[in-house]
Amino acid sequence: MRISVLCTDLGVRVPGDKGASMHLMSITSAFAAVGHDVQLIGVAGHEVPPAMFSSALAETRLLAHPGRSEGIQRELNKLSFIDHVVEHCAVAVQRFDPHVVYERLSLFGSAGRQLVETLPGTRHVLEVNALLAEEDAAWRGLHFAELAATVERQVLTDADLAVAVSAEVARKIHAAAPSARSTIVENGAEVERFRFLPTRAAARRRLGLPADATIAAFVGALRPWHGVDVAINAVAHTPQVHLVVVGDGPVRAELHNRTDALGVLDRVHFLGQRCHDDVAACLAAADMALAPYPAMDSFSFSPLKLYEYLAAGTPVIASAIGQIPAALGNGRFGTLVPPGDADALAAAMLRVPLDPACRDRAGLGRDHALTHHGWDDRARRITKLVEAADAMA
């Protein structure tokens with residue numbers, strides 16, 4: 001099968017250090033790894049993609065980012081970039097003649113639909129991580145909110161298949177576009193990166209972490225909805241626990257100030273954005289890994305970090321919200337706490353490192369993740385769904 005992977009989201013660069021960028025590169029590589037010819041069209045990162053990544057693909061076309069902007073100019077840039085992609089990549093896509101255009105849904109993202117209109121018989125499959133018109137309006141504010149919602153509804157309705165990463169996203173798809181054809185394929189992880197890990201002592205030496213401390217780890221972007229503030233509040237009530245934060249984002253300064261105000265600067269280690277090997281080392285160094293999401297009216301994430309935690313075999317403590325309980329086998333693979341409850345999180349952080357049953361659950365979770373949560377498995381599931389849709393056409 002020939003697959004054109006398309007992403008016009010200016011926040012998702014190739015390569016990039018955000019989870020969304022890693023996700024895009026991982027599913028693209030996985031389509032190639034399971035035997036398909038893959039063309040990638042996306043936004044160029046600050047560096048050249050790894051040779052091993054590019055060499056596995058039939059073609060890579062990365063367009064220059066127009067530059068960072070805010071407010072109405074940010075939205076205008078996104079709209080302009082979509083037109084730019086269609087104008088500059090249409091001939092290349094027609095020449096590649098894909099069976100499928102697999103597009104990551106983006107704000108105002110109509111490029112895939114426009115390209116498919118010029119390709120008789122080509123399927124348009126949308127990967128939906130969130131309904132971005134709703135998400136951006138809630139967290140950033142949108143000047144063109146009505147246009148964003150209209151475009152999103154239309155592309156969801158017209159797509160041959162919308163692949164939602166969670167049941168919550170699938171429900172939102174059908175609320176926004178009742179006639180959309182959708183299915184659910186959860187996110188995966190690059191599980192092979194976590195199959196062979198350094199010892200705890202070696203990992204702590206590598207990262208400069210205390211050799212004998214009890215360590216909780218958080219890996220991910222520092223954004224308001226990830227709940228790192230909840231974890232910092234919990235650390236204030238667990239004087240023997242250190243928190244290691246791997247990642248960066250817009251609330252880092254705010255989190256640092258909170259840490260200072262609570263008097264726990266000596267026990268909260270902000271390591272910043274790190275390479276994949278350091279992420280694996282962090283999880284090997286930790287006694288537990290946290291996904292401390294706050295309480296939210298709407299939670300539709302399929303967190304990459306959760307599958308990485310599981311694959312590393314690090315005991316997981318996570319908020320019982322959205323699809324997280326199901327991902328943790330309803331407690332069979334980790335410990336669930338009420339979302340946003342710092343006291344409950346603190347109690348779990350004291351209990352989990354001392355409980356052999358938690359280590360046993362982590363072992364079960366690791367086996368499950370290494371077997372069932374790799375990106376190759378996700379790629380096979382998605383292409384089988386496309387083949388089934390072809391057979392029914």
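As a starting point, this report considers the structure included with it. Every residue gets a number counted from 1 within its own chain, in the order that chain's sequence is written. Only residues with pLDDT of at least 70 get local features here, since the model is predicted, and only at 80 or more are side-chain atom pairs given and counted; chain-wide, interface and lining totals rely on the full set of residues. To obtain the side-chain values, all non-hydrogen atoms of the structure were used and water was disregarded.

### A word on helix H6 (residues 145-158)
Item 1. Over its 14 residues, H6 runs 20 Å from end to end, which matches the ideal 20 Å to within 8%, given 1.5 Å per residue.
Item 2. Any two residues whose heavy atoms approach within 4.5 Å at even a single point are treated as in contact. To qualify as a helix, a DSSP run of H or I must reach at least 4 residues; to qualify as a strand, a run of E must reach at least 2; elements of each kind are numbered from the N terminus. Where H6 is buried, its residues touch helix H4 (111-116), strand S6 (123-128), helix H5 (132-139), strand S7 (161-164) and helix H7 (167-176). Expected span, for any helix, means 1.5 Å times one less than how many residues it has.

### Comments concerning the environment of Gly247
Item 1. Here Gly247 is to be found in the loop between strand S10 (241-246) and helix H10 (252-261).
Item 2. Sequence separation between Gly247 and Gln273 is 26 residues; the distance between their C-alpha atoms is 4.3 Å.
Item 3. Contact partners of Gly247, with chain neighbours within four places excluded, come to Gly220, Leu222, Arg252, Gly272 and Gln273.

### Overview of the sheet that holds S10
Hydrogen bonds between backbone groups are what pair the strands of a sheet, and the pairing can be parallel or antiparallel.
Item 1. For two strands to pair, DSSP has to find at least two bridges joining them. Strand order in the open sheet formed by 6 strands is S11-S10-S9-S12-S13-S14, and the pairing between neighbours is parallel. Each edge of the sheet is formed by a strand with only one pairing partner; in this case those strands are strand S11 (268-272) and strand S14 (335-337). In this sheet, adjacent strand axes meet at a mean angle of 25° when their direction is disregarded.
Item 2. With 4 bridges connecting them, S10 and S11 associate as parallel partners. When the sheet's bridge partners are listed, Leu243 is paired in S11 with Val268. Between the N-to-C directions of two axes lies an angle of 0 to 180 degrees, each axis being a line fitted to C-alpha atoms and, for a helix, fitted only over the stretch in contact.

### Focus: the environment of Thr314
Item 1. Considering the arrangement of structural elements, one finds Thr314 in the loop between helix H12 (304-312) and strand S13 (316-319).
Item 2. Thr314 sits in the buried class, given a relative accessible area of 4%. Under the scheme applied here, a residue whose accessible area is under 20% of the maximum for its type counts as buried, over 50% as exposed, and between as partly exposed, the area being computed with a 1.4 Å probe on protein chains only.

### As for the packing of helix H9 (residues 228-235) against H10
Item 1. Orientation of H9 relative to H10, taken along the N-to-C sense of each, is 15°, at an axis distance of 10 Å. In terms of axis orientation, H9 runs roughly parallel to H10. Between H9 and H10 lies a crossing whose hand is right-handed. Side by side, H9 and H10 meet where Val228, Asp229, Ile232 and Asn233 of the first sit next to Leu255, Arg258 and Thr259 of the second. Throughout this description, any angle smaller than 35 degrees is read as roughly parallel, any larger than 145 degrees as roughly antiparallel, any in the 65 to 115 degree range as roughly perpendicular, and the remainder as oblique. Left-handed describes a crossing in which the near helix is turned anticlockwise from the far one by less than a right angle; the clockwise case is right-handed.

### Some words on the nonpolar core
Item 1. Nine residue types can take part in a nonpolar core, namely buried Ala, Val, Leu, Ile, Met, Phe, Trp, Tyr and Cys, and a core is a set of them joined through side-chain atoms within 4.5 Å. Core analysis: the largest hydrophobic core is formed by 71 residues, its most contacted members being Leu243, Ile317, Leu345 and Met349.
Item 2. The element that contributes the greatest number of residues to this core is helix H11 (residues 276-285), accounting for 7 residues.

### Observations concerning the pairing of S6
Item 1. Burial within S6 is extensive, with 6 of its 6 residues counted as buried.
Item 2. Here S6 shows no split at all, with Arg123, Val125 and Glu127 on one side and His124, Leu126 and Val128 on the other all buried.
Item 3. Strand direction decides the pairing type here: strand S5 (residues 100-104) and S6, joined by 5 bridges, are parallel. Across the sheet, Val100 pairs through a bridge with Arg123, a residue of S6.
Item 4. Taking the sense of rotation as the criterion, the β-α-β connection linking S5, H4 and S6 turns out right-handed.
Item 5. Where S6 lies against S7, 4 bridges are found, and the strand directions are parallel. From the neighbouring strand, Val128 faces S7, where its bridge partner is Ala164. Handedness of a crossover is defined as follows: orient the strands so they point away from the viewer, and if the path from the first strand over the helix to the second runs clockwise, the crossover is right-handed.

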